[in-house]
Amino acid sequence: MSKTAIFTWIQQGQVPESVAELATAAKALGETAACYAFGADLDDSLAADLSFDGIDAVHLVNTPGLALCQSDGLAEAAAQVMTADGLTTVLLEAEPAGRDIMSRAAVKVGAGMTSDCTALEVQDGAIRQIKPSFGAQVMVACEVKGAPEIITMKKGSTAPADKTAAAPCDVRTVEAASKITCGKITALPSSDHLTGADVVVVAGKGAIESGQFETVKAYADKIGAALAGSRPVADQGFIPFDDQIGESGTVIQPKLCIIFGVSGAIQFTEGIKGDGTVIAVNNDPNAPIRGFADVFICADMGELLVAMNAK
Ligand SMILES: Cc1cc2nc3c(=O)[nH]c(=O)nc-3n(C[C@H](O)[C@H](O)[C@H](O)COP(=O)(O)OP(=O)(O)OC[C@H]3O[C@@H](n4cnc5c(N)ncnc54)[C@H](O)[C@@H]3O)c2cc1C
């Protein structure tokens, strides 16, 4: 049985896209992983949806009566599974629910936990967990001393693994109580349209300051691209926070990323460093984004967008 595991939580029968990315990350560690899916009432047909290259077994863990917001009960269930199966490394997506559940589980099983990792490396038999720190001013390489270790990976940090035929699957039930009463649950917007997009157009503060945000948006619509923004653009309410790119936002890996009016702070570029081709438009020839982009166009975006939208 694999001692490396991917943990995920299933809502309304939907497998999060991150499972395919975590399978790639696990495989890069040099061994296959088992995927553990937790949910209130799981159907074994899910095994096919959870089977990716890098995953050698699927475990469906029913947690009756527990909704995703009941982190205390789900943490107890996760800790029970980690202990029963002797798991040494658990990978999960860096998102609020999983982090809440697994930080509690970490305390229960005495695990070390690193959050928001963007890359993993194996060195001298240990997993080095690379993550931005101190407001993404630096990248640090962490190692957890001993086992088990729990690692959250930022979505978009690795390419998704290919689907495979359904892996061997077992179904079990773990009873765990919660002290939290769960009321009405309302789904919030997600950034899935960005992480899965081939082409992303990004508006920066320069687009707002020059009154060109709507023109950038029209250009994104025209070429069928997803629209995103830098932090000031989200702060000022031009885009939802989920559509903010960067260290404190979403990490994207489109084939093409076209950026208008972003200076190129490291907290921003952390979100696009896995992108295919990056084209940046900026009227400042010394903007730091110049050193990051594959193609730098030194121009006023207004004039350029008028021409591009007219084509
Ligand atoms: C802890 C922490 C976390 C952070 N996380 C993030 C994050 O996740 N994402 C993020 O984006 N930021 C983040 N930031 C903020 C980050 O440091 C920068 O302040 C931010 O990225 C700047 O956004 P910007 O490039 O859009 O704006 P600016 O830095 O103001 O740049 C605007 C650019 O537009 C150009 N411009 C202006 N007018 C035009 C025009 N007409 N045509 C062409 N170009 C023009 C200017 O030359 C300039 O380079 C974080 C900061 C901290 C401290």
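Keep in mind that what you see is a predicted model, and the values were worked out from it rather than measured.

Conventions we followed
Residues numbered from 1 in each chain as written. Predicted model: local features only at pLDDT ≥ 70, side-chain atom pairs only at ≥ 80, totals over all residues. Heavy atoms only, no water. Helix = DSSP H or I, 4+ residues; strand = E, 2+ residues; numbered from the N terminus. Rg over C-alpha atoms; globule rule 2.2 N^0.38 Å. Buried < 20%, exposed > 50% of the residue type's maximum accessible area, 1.4 Å probe, protein only. Contact = heavy atoms within 4.5 Å. Areas by Shrake-Rupley, 256 points an atom, 1.4 Å probe, with all protein chains shown as cover. 1 Å grid on protein atoms, 1.4 Å probe; cavity = no way out; pocket = protein on both sides within 12 Å on 5 of 7 lines; lining within 4 Å. Points joined across faces, edges and corners; volume = space filled by probe spheres on them. Nonpolar A, V, L, I, M, F, W, Y, C, P; charged D, E, K, R; others polar.

Novice: Honestly, the overall build of the protein in this entry has me stumped. Any pointers?
Specialist: Helix and strand counts for the protein come out as eleven helices and 15 strands. Here the C-alpha atoms of the protein give a radius of gyration of 21 Å, agreeing with the 19 Å that 2.2 N^0.38 yields for 311 residues. By its C-alpha atoms, the protein is 65 × 45 × 35 Å across when sized along the principal axes. Per-residue burial for the protein yields a buried fraction of 50% across its 311 residues. Sequence-distant contacts, at least 24 apart, represent 66% of the contacts inside the protein between residues at least 6 apart. A total of about 14,100 Å² of accessible surface is found on the protein, and carbon and sulfur atoms cover 51% of it.

Novice: What am I meant to see in the layout of surface pockets here?
Specialist: Over the atoms rolls a probe the size of a water molecule, and its path tells where empty space is left. The volume enclosed by the second largest pocket comes to roughly 410 Å³. Counting residues per element, the ones that place at least two in the lining of the second largest pocket are helix 6 (205-209), helix 8 (231-235), helix 9 (266-269) and strand 14 (277-282). In terms of residue count, the dominant contributor to the lining of the second largest pocket is helix 6 (three residues). By residue class, the composition of the lining of the second largest pocket is eight nonpolar, twelve polar and five charged.

Novice: Even after reading the chapter, I still don't get empty space enclosed by the protein, so can you show me in this structure?
Specialist: Within the structure shown, the criterion is met by one cavity of 30 Å³ or more. Its boundaries defined by the atoms lining it, the largest cavity holds a volume of some 40 Å³. What lines the largest cavity is S18, E21, L22, A25, E93, M153, K154, S157 and T158. Top element by residues in the lining of the largest cavity is helix 1 (residues 18-28). It accounts for four residues. The residue inventory of the lining of the largest cavity, partitioned by class, reads three nonpolar, three polar and three charged.

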